[in-house]
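Given next are the chains, with one letter for each unit.
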Amino acid sequence: MGMFIVLEGIDGAGKSTQAKMLANWFEERGYEVVLTKEPTDTAFGKLIRRLVLTGGKEGIIDGARISKEAEALLFAADRAEHVKKLIEPALNAGKVVISDRYFYSSLAYQWARGLDLNWLINLNGFAPRADLVILLDLPVKESIKRINGRSIRSEFDKIVELQKKVRENYLKLAEKFNEIRIINALAPVEDIHNDITALVEHELFENPKK
Ligand SMILES: Nc1ncnc2c1ncn2[C@@H]1O[C@H](COP(=O)(O)OP(=O)(O)OP(=O)(O)O)[C@@H](O)[C@H]1O
Ligand SMILES: Cc1cn([C@H]2C[C@H](O)[C@@H](COP(=O)(O)O)O2)c(=O)[nH]c1=O
């Protein structure tokens, strides 16, 4: 059985940067790595980006934005395909799977957008828990600085109050899910990478899951 590692955090926390560095770290040690993300690049992920994230007119049906429930179901549908077609087969083949976001994002973001946490947990009940979740914790004002100037990938980027709620939610989830480890995302890139690899060595190499 392979290892399943997830990077989580608010927009601009450094997930993609760290995911790529961690994938290289594993490959240098002879592991076969699948580096992936959510929303995915499949038709489901593309639909989410069109209907939900870009805030474009396609997300307006009969004069109103799609419901928060439909939004959560779209992310879960994308995830079901991601789990069944990519994550589980890769883990069964003994590979290391590193995902930039996973169901923990649905809990943090859709909870912040007003949906019930237990409903979200049950909705995503099909998704296997990760072996290790790295939560890159970043103050929102730093996140806004890092995101400014880049093309808007998510309408959620711009909503400061939402990002604050999402950050609080992630910290609450860290108390609920024992696979989540919090890393200070304000540190320099290399220091964060070293913190993450130290966690991987301790949590997964020295104490492999049963
Ligand atoms: N430790 C760091 N210190 C300063 N800047 C950083 C750090 N890590 C990443 N950055 C920069 O912040 C920006 C966002 O990084 P990245 O795309 O990795 O974040 P992300 O969490 O994947 O963002 P999103 O969730 O919006 O996709 C990039 O310009 C990146 O170079
Ligand atoms: C998986 C997932 C993501 N989101 C939100 C979080 C971000 O604002 C965007 C993705 O943008 P990125 O730059 O590609 O990280 O989607 C969400 O609300 N719920 C989810 O399950």
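Residues numbered from 1 in each chain as written. Chains lettered and ligands numbered in written order. Predicted model: local features only at pLDDT ≥ 70, side-chain atom pairs only at ≥ 80, totals over all residues. Heavy atoms only, no water.

**Some points on the overall build of the chain**
Then, number 1: In terms of regular secondary structure, the chain is built from eight helices and seven strands.
Then, number 2: Relative to its length of 210 residues, the chain is compact, with a C-alpha radius of gyration of 17 Å against a globular reference of 17 Å.
Then, number 3: Restricting to contacts in the chain with at least 6 residues of sequence separation, those with at least 24 account for 79%.
Then, number 4: When the accessible area of the chain is evaluated, it comes to approximately 10300 Å², of which 53% is carbon and sulfur surface.
Then, number 5: Averaging the positions of the 31 positive and the 31 negative side-chain charges in the chain gives two centres separated by 4 Å. (Helix = DSSP H or I, 4+ residues; strand = E, 2+ residues; numbered from the N terminus. Rg over C-alpha atoms; globule rule 2.2 N^0.38 Å. Contact = heavy atoms within 4.5 Å. Areas by Shrake-Rupley, 256 points an atom, 1.4 Å probe, with all protein chains shown as cover. Lys, Arg positive; Asp, Glu negative; His and termini not counted. Charge placed at Lys NZ, Arg CZ, Asp CG, Glu CD.)

**Quick word on the environment of Val-33**
Then, number 1: Structurally, the position occupied by Val-33 is in strand β2 (residues 33-37).
Then, number 2: When the C-alpha positions of Val-33 and Ala-23 are compared, they lie 6.3 Å apart, and in sequence the two are 10 residues distant.
Then, number 3: The contact partners of Val-33, leaving out residues within four places of it in the chain, are Ala-23, Phe-26, Glu-27, Val-96 and Ile-98.

**Details of the UniProt feature "binding site: ATP" (unreviewed entry) in the chain**
Then, number 1: UniProt records the feature "binding site: ATP" (unreviewed entry) for Gly-9, Ile-10, Asp-11, Gly-12, Ala-13, Gly-14, Lys-15 and Ser-16 in the present numbering.
Then, number 2: Residue class for Gly-9 comes out buried when judged on its relative accessible area of 0%.
Then, number 3: Once residues lying within four places of it in the same chain are set aside, the contact partners of Gly-9 are Lys-15, Arg-101, Tyr-109, Leu-135, Leu-136 and Tyr-170.
Then, number 4: By secondary structure assignment, the location of Ser-16 is in helix α1 (residues 15-28).
Then, number 5: A relative accessible area of 32% places Ser-16 in the partly exposed class. (UniProt positions renumbered as here; feature names shortened; annotations may be inferred. Buried < 20%, exposed > 50% of the residue type's maximum accessible area, 1.4 Å probe, protein only.)

**Comments concerning the sheet that holds strand β7 (residues 180-184)**
Then, number 1: One open sheet holds the five strands; their spatial order is β2-β5-β1-β6-β7, and the pairing between them is parallel. Edge positions in the sheet fall to β2 and β7, since each of these pairs with one other strand and no more. Ignoring strand direction, the axes of neighbouring strands in this sheet form an average angle of 20 degrees.
Then, number 2: By the bridge criterion, five bridges tie strand β6 (residues 132-137) to β7 in an arrangement that is parallel. Bridge pairing links Leu-136 to Ile-183 in β7.
Then, number 3: The strands touched by helix α8 (residues 189-206) within the sheet are β1 (3-8), β6 and β7, with β6 carrying the most contacts at an inclination of about 155 degrees. (Pairing = 2+ DSSP bridges. Axes fitted to C-alpha atoms, helices over the stretch in contact; angles between N-to-C directions.)

**A word on the pairing of β6**
Then, number 1: When you tally the buried positions in β6, you get six out of six residues, the bulk of the element.
Then, number 2: Here β6 shows two buried faces, one formed by Leu-132, Ile-134 and Leu-136 and the other by Val-133, Leu-135 and Asp-137.

**Points about unusual backbone geometry**
Then, number 1: For the bond from Glu-38 to Pro-39, the omega torsion is -10 degrees, close enough to zero to count as cis.
Then, number 2: In the Ramachandran plot, Arg-101 falls in the positive-phi region, its phi being about 85 degrees despite a non-glycine side chain.
Then, number 3: Locating Arg-101 in the fold gives a position in the loop between β5 (96-100) and α4 (103-112).
Then, number 4: Using a relative accessible area of 11% as the deciding quantity, one classes Arg-101 as buried.

**A closer look at α1**
Then, number 1: For α1, with 14 residues, the first-to-last C-alpha span of 20 Å sits near the 20 Å given by 1.5 Å per residue.
Then, number 2: Taken as a whole, α1 has its buried residues at Lys-15, Gln-18, Ala-19, Met-21, Leu-22, Ala-23, Trp-25 and Phe-26.
Then, number 3: Among the structural elements, β1, β2, β5, β6 and α8 are those in contact with the buried residues of α1.
Then, number 4: Positive phi appears at Gly-30, one or two residues downstream of α1, with a value of about 85 degrees. (Expected span 1.5 Å × (residues − 1).)

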